[in-house]
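# Inside the fold
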Amino acid sequence: MTSNVSRRAALGLGAAAVAVVGTGVPAAAAESAGVSEAFGRGPAERIRRRYRAETQRAGGAWQALISHAGQPVVTDQADDVVEAYSVNKVAVAVAVLDKIDRGEAALTQRLEVTQDIVSSTGDGIFPLDGAYPSSVTVGHALALLLTVSDDTANRLAGLVTPTVEVNSTLVAKGFPRTQVSPSANPNRFYLGKTTPRETHDLLNALAAGRLLSPSSTAFLLKILRSQAAHTDGIRRDLSSDERARVATKAGWFLNGRNEAGIVFDPAGAPALTYALFSQDAGDPADFGGTHAAVRARVALGRLFVDLTADGGTPRTAAYTPTNGG
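Residues numbered from 1 in each chain as written. Predicted model: local features only at pLDDT ≥ 70, side-chain atom pairs only at ≥ 80, totals over all residues. Heavy atoms only, no water.

As summarised here, the arrangement of the three strands in space is β3-β7-β6, forming an open sheet in which the pairing is antiparallel. Single-partner strands in this sheet number two, and they are β3 (82-83) and β6 (179-182). Strand direction decides the pairing type here: β6 and strand β7 (residues 189-194), joined by three bridges, are antiparallel. If you follow Pro 182 over to β7, its bridge partner there is Phe 189. (Pairing = 2+ DSSP bridges. Helix = DSSP H or I, 4+ residues; strand = E, 2+ residues; numbered from the N terminus.)

See the structure below:
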């Protein structure tokens, strides 16, 4: 029994299928009960084991970089260039906000929403209202870009920062492999590629205040941490207050399912950063919460938040819904 358990643990399979030796407690339950700590498994090892177990269970190919307390704990093909899909909408927002920081645009600037610019397929809310022409502010467009991942909002962002400007801004900030892809229209772009390392480092630089002005940094992180931001992944198995500690952006298309973000401790300090990219896991036609890669991220998210729960007095106001009026 002992040799079998050791072999399975070495393969990263023990968390779901075996008991912690000598306790009679299933390993998954031991994680939440703290038994793993008693057996010398600190946060870094717990993250590595859970990552191995969940990604092997999901199948497919994975590329990832996860850091905890400022140290990388999972580095899995982290320099591979991958399709970013909507994870790159964070990079697009950084380019728009950088232009605002330079005084060449403003959050209050109005953008015309014409029938031609509305993306009739894909994600978002603009195709639902059916009332054009209309107009929104740049701030409104960015909020929709980063919460409901609105594809029309991506086109609106391109009116402010054309393809060439988005890419040159990212290169200047140190992210030459995080680039959007041009289309025939210079103001419209496909969401392009990145590497797990560059996405991870961009998020870290954002949280540290090295990418944007303090006001633009606060604006962007507030959106990504809002209750309206993506919940069907890292944040799914969290309370509303726990969700407010996670700034996240997901992206999906064809066989790819991606998510990247930052987990803050209760006092508001960045504690864990993740960049998770996958291809060919699960059913490529399933873009919902039952997809194997999404289930893997749900399990990782619960662990990430549990491991960053200590951090002084909470700074984030509790979520308080309203009832109209």
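Right, picking up where we left off after that structure.
The full count for this structure, using the stated rule, is three aromatic pairs. Their ring planes at 85° and their centres at 6.5 Å tell us that Tyr 51 and Trp 62 sit as a pair that is edge-to-face. On the criterion of sequence distance, the pair formed by Tyr 51 in helix α5 (residues 43-58) and Trp 62 in strand β1 (residues 61-68) is long-range, its members being 11 residues apart. For the pair formed by Tyr 51 and Trp 62, the shared burial category is buried. (Phe/Tyr/Trp six-rings, centres within 6.5 Å; stacked < 30°, edge-to-face > 60°. Buried < 20%, exposed > 50% of the residue type's maximum accessible area, 1.4 Å probe, protein only.)

The next thing to look at is helix α14 (residues 292-307). Given a rise of 1.5 Å per residue, 16 residues ought to cover 22 Å, and the 23 Å separating the end C-alpha atoms of α14 matches this to within 8%. Burial runs high along α14: 12 of the 16 residues are buried. Along α14, the residues that are buried comprise Ala 293, Val 294, Ala 296, Arg 297, Val 298, Ala 299, Leu 300, Gly 301, Leu 303, Phe 304, Val 305 and Leu 307. (Expected span 1.5 Å × (residues − 1).)

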